[in-house]
Number of protein chains: 4
Amino acid sequence: MPPPPGPRTFASDNWSGVHPEVLAALAAVNGGHAPAYGADAVTEEAVARLRQEFGPDADVYLTFNGTGANVVGLQSLLRPHEAVLCAAGAHIDVDECGAPERFLGSKLVTVAARDGKLTTEGLEAAWVGAGDEHHVQARVVSVTQSTEVGTCYSVGELVTLADWAHQRGMLLHLDGARLANAAASLGVGLGAFGQDVGVDVLSFGGTKNGALGAEAVIAFRPEVQTGLRYIRKQSMQLASKMRFASAQFVALLTDGLWLRNAAHANAMARRLADGAAAVPGVRLAYPVQANGVFAALPPAASDALREHHPFYVWDEPAGIVRWMTSFDTTEGDVDGFVALLAEVMGRTG
Amino acid sequence: MPPPPGPRTFASDNWSGVHPEVLAALAAVNGGHAPAYGADAVTEEAVARLRQEFGPDADVYLTFNGTGANVVGLQSLLRPHEAVLCAAGAHIDVDECGAPERFLGSKLVTVAARDGKLTTEGLEAAWVGAGDEHHVQARVVSVTQSTEVGTCYSVGELVTLADWAHQRGMLLHLDGARLANAAASLGVGLGAFGQDVGVDVLSFGGTKNGALGAEAVIAFRPEVQTGLRYIRKQSMQLASKMRFASAQFVALLTDGLWLRNAAHANAMARRLADGAAAVPGVRLAYPVQANGVFAALPPAASDALREHHPFYVWDEPAGIVRWMTSFDTTEGDVDGFVALLAEVMGRTG
Amino acid sequence: MPPPPGPRTFASDNWSGVHPEVLAALAAVNGGHAPAYGADAVTEEAVARLRQEFGPDADVYLTFNGTGANVVGLQSLLRPHEAVLCAAGAHIDVDECGAPERFLGSKLVTVAARDGKLTTEGLEAAWVGAGDEHHVQARVVSVTQSTEVGTCYSVGELVTLADWAHQRGMLLHLDGARLANAAASLGVGLGAFGQDVGVDVLSFGGTKNGALGAEAVIAFRPEVQTGLRYIRKQSMQLASKMRFASAQFVALLTDGLWLRNAAHANAMARRLADGAAAVPGVRLAYPVQANGVFAALPPAASDALREHHPFYVWDEPAGIVRWMTSFDTTEGDVDGFVALLAEVMGRTG
Amino acid sequence: MPPPPGPRTFASDNWSGVHPEVLAALAAVNGGHAPAYGADAVTEEAVARLRQEFGPDADVYLTFNGTGANVVGLQSLLRPHEAVLCAAGAHIDVDECGAPERFLGSKLVTVAARDGKLTTEGLEAAWVGAGDEHHVQARVVSVTQSTEVGTCYSVGELVTLADWAHQRGMLLHLDGARLANAAASLGVGLGAFGQDVGVDVLSFGGTKNGALGAEAVIAFRPEVQTGLRYIRKQSMQLASKMRFASAQFVALLTDGLWLRNAAHANAMARRLADGAAAVPGVRLAYPVQANGVFAALPPAASDALREHHPFYVWDEPAGIVRWMTSFDTTEGDVDGFVALLAEVMGRTG
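Residues numbered from 1 in each chain as written. Chains lettered and ligands numbered in written order. Predicted model: local features only at pLDDT ≥ 70, side-chain atom pairs only at ≥ 80, totals over all residues. Heavy atoms only, no water.

Draft legend 1. Summary view of the overall build of chain A. Along the backbone of chain A there are 13 helices and eleven strands. Its C-alpha atoms give chain A a radius of gyration of 20 Å, within 12% of the compact-globule value 20 Å for 349 residues. Considering only C-alpha atoms, chain A reaches an extent of 60 × 55 × 35 Å along its principal axes. For chain A, the residues scored as buried account for 64% of the 349 residues in total. For chain A, the proportion of contacts with a sequence separation of at least 24, taken over those separated by at least 6, is 75%. Just so you have it, chain A exposes about 11,000 Å², and 53% of that area is on carbon and sulfur atoms. (Helix = DSSP H or I, 4+ residues; strand = E, 2+ residues; numbered from the N terminus. Rg over C-alpha atoms; globule rule 2.2 N^0.38 Å. Buried < 20%, exposed > 50% of the residue type's maximum accessible area, 1.4 Å probe, protein only. Contact = heavy atoms within 4.5 Å. Areas by Shrake-Rupley, 256 points an atom, 1.4 Å probe, with all protein chains shown as cover.)

If you want it as structure tokens, here you go:
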């Protein structure tokens with residue numbers, strides 16, 4: 001039945017399959033009956049392990065996908081007349097088909113970003129109309145870690161943003177679809193992006209880290225996040241056979257699999273960035289701090305490369321393309337791609 | 001890591017794990033890269049197999065769970081001022097935490113049901129206010145097959161309801177979370193509940209049929225279901241590593257696994273029903289036509305039984321309990337449970 | 001330009017025009033400029049007068065219409081996974097084209113009512129699924145005063161319902177589209193239905209009481225009704241030339257106009273009820289406690305009457321019709337109608 | 001009761017009261033009973049007169065306010081996964097407290113504007129992601145006529161935008177809160193902005209033109225605007241005593257009152273612009289084509305002026321203020337204000 005697996009690409013970290021240890025965990029928890037909807041022992045174990053990372057007070061809700069995790073988490077923080085301040089180009093703004101507006105009923109206000117990252121200057125400029133009933137009221141600042149362009153907020157930068165938000169009565173949401181990559185990059189634990197830096201709710205992504213499909217909403221402020229259990233269910237994000245979602249997180253949090261996967265993907269991105277930057281005519285568009293490489297190269301070269309390797313053109317007018325690495329990217333994959341890049345650049349340059 | 005699998009129960013068909021053939025399919029499609037979000041060969045195969053069942057014009061959208069499938073499908077048929085007519089007690093009405101109202105913006109109008117099934121008499125009584133701008137406008141009739149109380153609509157009954165709806169400018173939606181059980185029970189193919197009987201959109205459930213977690217929205221009327229791709233994404237039901245959802249359906253549709261699983265579960269329910277009905281003091285509350293057995297018994301007996309076996313009390317005032325069978329229920333499970341039931345009834349009766 | 005005014009009817013209290021004192025108030029506040037959106041002196045005066053009635057802590061938000069007032073008020077009390085318990089037949093349930101579900105995102109759970117009024121027994125039966133994430137969570141009990149069938153809750157009955165709600169962590173909403181009629185009927189002030197009895201938010205209707213079109217949301221629990229200013233604006237219920245809405249309330253609250261209008265309408269309903277009840281073959285369907293008379297009479301008589309006088313058939317199967325009186329109904333109107341009723345009953349009986 | 005009318009200002013055209021002919025119309029249609037919700041003779045007359053302006057096929061729905069008219073009209077054109085392209089700074093984007101996102105469920109995509117007006121170049125740049133399920137799908141272009149900065153689209157410019165939209169399967173919505181001012185400015189009829197130029201749905205504002213509070217949704221494409229009656233009711237925009245809203249439009253459309261009011265306000269803005277532009281140090285920020293004057297002047301001068309005359313600072317960083325004229329602005333008001341401006345500029349300059 002199954003087609004033979006396709007070759008590895010740099011298209012996206014969700015073109016990868018499932019890490020073998022995750023697949024093994026699915027098999028290991030199969031057989032027999034377990035209470036549905038999360039009242040099972042595997043889920044208990046997953047929650048315990050997530051609390052080891054994010055702190056004993058972390059409130060944990062597994063969801064199906066990243067859009068679901070973001071929307072569920074944000075719903076717990078916002079009412080419809082309140083708005084989200086987020087970077088122009090944030091996943092919640094441009095890649096979720098309007099799910100946040102649809103389900104929050106709230107406006108997303110975009111903020112100018114620098115290397116994909118919010119700054120307090122940008123926030124100040126975008127924060128208007130406070131107290132004016134004709135305007136939506138900014139209530140949540142949402143950041144992405146690592147960002148959509150492969151950069152990372154330092155811990156200090158997150159603290160600054162959290163302080164800015166909290167001083168104005170706002171809350172901080174973090175979209176961590178690639179949180180593992182940021183932690184590996186910065187050499188800190190996953191929990192470094194949680195309560196300690198002032199994040200109020202975050203999405204922690206398992207899927208791009210080697211899972212089949214599992215994300216977690218982690219909430220730290222019980223007084224504002226009431227109702228998350230109901231919000232998850234009403235948002236169509238509650239799995240009946242939850243043990244299989246939980247097993248994925250247990251596997252990722254066993255023997256540091258999340259870190260092994262993320263560190264490897266990051267290293268492959270570093271290798272790719274270094275190789276590409278050495279090719280005449282190729283310029284890196286953003287600092288390479290996680291598992292994404294953004295490069296500017298001539299359209300003809302981009303087109304020629306994509307005949308062999310699928311990847312996304314990120315910014316067509318600027319000629320910037322995106323190359324993502326994953327837990328299963330090999331050094332050979334990278335070196336072969338760089339060699340081809342050099343060959344194509346030489347031919348088309 | 002994983003706790004040992006728990007004993008099999010009659011609590012719910014989603015307390016079961018994953019059928020080994022489904023698990024094998026997940027492993028088989030792993031490795032290598034595949035385009036995300038459904039542009040892969042496994043999904044192509046799953047869609048092709050679903051079209052073999054539901055007809056070449058069936059439009060197929062896989063989703064994560066049953067609530068998601070129902071809400072996505074209904075969204076394609078309704079605008080917010082239009083209403084859904086459904087049975088009192090329908091899953092969309094009482095078990096989805098208000099997701100339909102939340103995401104459709106529409107009112108659900110409940111209709112008196114007989115053995116869990118809608119009738120045209122009930123619909124006539126509930127269908128009020130047509131053309132009156134103060135009232136929501138009934139637009140969709142939603143049925144569940146097999147029903148929440150383990151009964152099945154005959155093909156003729158569905159045709160009658162579809163005709164009733166279509167003659168009034170309405171559409172017919174079918175929640176088929178247990179469609180396989182109905183098909184096995186009636187001895188017809190899955191497609192018997194689709195376009196031929198006049199169903200406009202249906203949810204076809206894989207999860208309770210032995211999958212890990214995969215459901216399908218099947219749509220038959222392209223002129224009214226525009227936008228389903230966007231609706232699925234915006235409804236947070238689009239999987240990135242779609243090949244693994246698709247593989248589950250490929251497995252269920254290979255060598256008749258869906259039918260083997262459903263027929264077995266139905267047979268176990270039949271065996272359980274026959275056994276239970278023979279116990280003095282136990283009365284079956286509904287015809288047993290799929291994989292659910294609803295029985296009236298004294299609360300003391302129910303409580304004593306549940307000390308050993310978890311199951312749900314369906315209607316507390318009426319003393320009705322629900323016992324569900326699954327693909328992995330064994331004859332021994334049933335016979336042991338019936339023996340215990342007889343023992344408990346003798347002791348508490 | 002204007003057609004000659006039509007004859008007075010018993011169709012609805014919103015078929016009436018505007019009381020002359022209200023019309024005079026509109027003219028009196030015209031001329032010159034005033035700050036828009038409610039920052040004007042007339043609005044200040046209206047709020048002050050409403051606070052004289054409802055208490056110094058009452059928070060006041062004028063809206064355009066009754067549906068708007070109900071939806072704005074309820075939004076301040078509810079989140080989408082929370083539900084409203086209301087009487088079957090409540091205006092919010094059947095006469096607002098689904099606006100509550102659409103804008104709250106919440107389910108309305110209907111409760112069996114007695115003479116249009118909720119009881120704690122009915123509420124107990126409808127209050128299910130608390131703490132179960134698959135179910136919406138009942139959060140608000142909504143009552144209508146006077147009810148849709150012309151009855152009134154006593155002050156004690158409201159206290160009982162408020163206590164029931166508050167003891168379970170719920171809130172009490174009151175739809176007072178005809179609050180003036182209830183106050184006149186019970187011989188109490190408007191404020192008798194507010195904070196003292198435990199109502200958390202109410203809608204106070206001016207329109208049916210002789211205004212052109214003005215309603216007020218009155219809120220008593222600042223800790224739960226945060227954001228009402230924004231909710232009103234976002235709900236499209238904030239008038240720019242607010243002074244004209246406010247002037248209507250100032251007029252109604254000057255020299256007891258609200259009470260004069262309501263008491264007169266009630267007296268006309270009483271007169272009509274007494275006259276009708278004396279006609280052989282006519283039976284009153286509900287106690288007449290406000291300005292509505294509901295009578296059961298043969299369809300042939302109803303049809304014959306409506307050739308001359310427009311009114312609504314309330315319950316077609318039961319043969320119940322609705323006759324509403326207004327501030328401008330005269331004794332002659334009533335006596336003429338009763339005479340015609342007697343004539344028609346004699347002819348068709 | 002009423003406070004003495006305040007002095008006339010340049011704060012906003014909705015700080016004005018009601019034109020005497022409109023007030024007289026309210027009195028003229030009072031008395032007697034009329035069917036509620038628009039089934040009355042005055043509404044019939046208003047619709048007939050609006051059809052004389054906008055064409056015999058125009059579908060007319062009166063609403064309470066401009067936000068309501070915009071949201072009702074847009075709802076008839078959009079589904080939640082579809083987006084609105086509008087100018088950055090459009091009323092629907094920044095002055096309706098997020099009502100469009102809340103009630104449409106749709107994203108508003110802002111487009112760079114020139115003098116407040118959309119261009120096809122701007123639209124091309126903002127129109128991304130067509131056919132990509134991860135992106136909202138642009139479906140409606142919304143323009144404001146006259147714009148928020150007092151400019152007008154020419155008829156030809158509207159035709160160009162309509163063609164651009166229709167060629168791409170989109171629709172054109174027009175927010176005409178100040179449509180009368182645009183018509184007066186361009187010397188065309190109101191209908192010049194409707195079906196002939198390709199507008200699909202528009203909001204026609206009565207309130208700022210001298211009404212008490214009445215707006216109209218005018219729809220031209222019956223095949224896409226289905227359900228507007230229900231949408232209006234569900235959107236809480238259906239007046240019960242509709243004859244009084246209708247009477248306002250009848251008055252505005254009698255003896256050219258709409259044109260007299262708009263032309264006068266425009267002339268006062270012209271006079272004010274000419275006077276202000278002649279004051280050294282004052283610069284007009286936008287062409288003055290309707291009833292708004294936007295001027296750049298030093299903050300100290302702006303602050304000094306506002307001690308005497310309330311008006312809004314439009315763009316604080318740029319030092320631009322907004323002065324609006326109305327039907328009741330006098331030449332003396334303008335000349336006095338210009339004299340004060342000159343005095344203040346001389347003093348603070």
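Draft legend 2. Structural view of the sheet that holds strand β8 (residues 283–284) of chain C. All names here are of chain C. Here we have four strands laid out as an open sheet, ordered β8-β9-β11-β10, and antiparallel in their pairing. At either margin of the open sheet sits one strand with a lone partner, and together these are β8 and β10 (312–315). Summarising the sheet, strand β9 (residues 292–296) and strand β11 (residues 320–324) pair through five bridges and their orientation is antiparallel. Its bridge partner being in β11, Phe294 is matched across the sheet by Arg322. Contacts between helix α11 (residues 257–277) and the sheet are confined to β8, β9 and β11, with β9 contributing the most and set at about 15 degrees to the helix. (Pairing = 2+ DSSP bridges. Axes fitted to C-alpha atoms, helices over the stretch in contact; angles between N-to-C directions.)

Draft legend 3. Representation of the relation of the copies chain B and chain C within the structure. At an RMSD of 0.0 Å, chain B and chain C line up after a rotation of 180 degrees and a shift of 0.0 Å along the axis. Expressed as an axis order, the relation between the two copies is that of a two-fold axis. (Least-squares fit on C-alpha atoms with pLDDT ≥ 70 in both.)

Draft legend 4. Here's a closer look at the interface of chain B and chain C. Contacts between the two partners involve 18 residues from chain B, matched on the other side by 18 residues from chain C. Where chain B packs against chain C, one counts four salt bridges. Asp93 of chain B is the salt-bridge partner of Lys107 of chain C, the closest N and O atoms lying 2.7 Å from each other. Joining chain B to chain C, the criterion identifies ten residue pairs in polar contact (both at pLDDT 80 or more). Broken down by secondary-structure element, the contributors of at least two residues to the side of chain B that touches chain C are α4 (91–94) and α5 (99–104) of chain B. The class makeup of the residues in the side of chain B that touches chain C is five nonpolar, six polar and seven charged. (Salt bridge = Lys/Arg side-chain N within 4 Å of Asp/Glu carboxyl O. Polar contact = N/O pair within 3.5 Å; in protein donor to acceptor, adjacent residues only side chain to side chain. Nonpolar A, V, L, I, M, F, W, Y, C, P; charged D, E, K, R; others polar.)

Draft legend 5. Expanded view of helix α8 (residues 179–186) of chain D. Residue and element names in this part refer to chain D. Where α8 is concerned, the buried positions are Leu179, Ala180, Asn181, Ala182 and Ala183. Residues of α8 that are buried make contact with α2 (41–54), β5 (171–176), β6 (201–205) and α11 (257–277). Immediately downstream of α8, the backbone of Gly187 shows phi near 70 degrees, a positive value.

Draft legend 6. Representation of the domain arrangement of chain A within the structure. All names here are of chain A. In terms of domain boundaries, chain A breaks down into domain 1 (20–252) and domain 2 (257–348). Distance between the C-alpha centres of domain 1 and domain 2: 28 Å. Approximately 1,800 Å² of surface area, both sides summed, lies buried where domain 1 meets domain 2, with 55% of it carried by carbon and sulfur atoms. Here Arg260 makes a salt bridge to Glu21, at a shortest N to O gap of 2.9 Å. Linking domain 1 with domain 2 are ten residue pairs in polar contact (both at pLDDT 80 or more), by the criterion used here. Residue assignment for the side of domain 1 that touches domain 2 shows that the elements contributing at least two residues are α1 (20–28), α8 (179–186) and α10 (242–252). The element contributing the most residues to the side of domain 1 that touches domain 2 is α8, with five residues. (Domains from an automatic or database assignment. Buried area = accessible area lost by both parts, 1.4 Å probe.)

Draft legend 7. Structural detail: the confidence of the model for chain A. Of the residues in chain A, 98% have a pLDDT of 70 or more, and the chain-wide mean is 96. For this predicted complex, the interface score ipTM comes out at 0.97, while the overall pTM is 0.96. (pLDDT = per-residue confidence, 0-100.)

Draft legend 8. Broad picture of the packing of helix α8 (residues 179–186) of chain B against helix α11 (residues 257–277) of chain B. All names here are of chain B. Where α8 meets α11, the axes come as close as 8 Å, and the angle between the chain directions of the two elements is 75 degrees. Considered as vectors, α8 and α11 are oriented roughly perpendicular to each other. Listed contacts from α11 to Ala180, Asn181, Ala183, Ala184 and Ser185 of α8 are Trp258, Leu259, Ala262, Ala263, Ala265 and Asn266. Classifying every residue of the contact of α8 with α11 by side-chain character gives eight nonpolar, three polar and no charged. (Parallel < 35°, antiparallel > 145°, perpendicular 65-115°, else oblique.)

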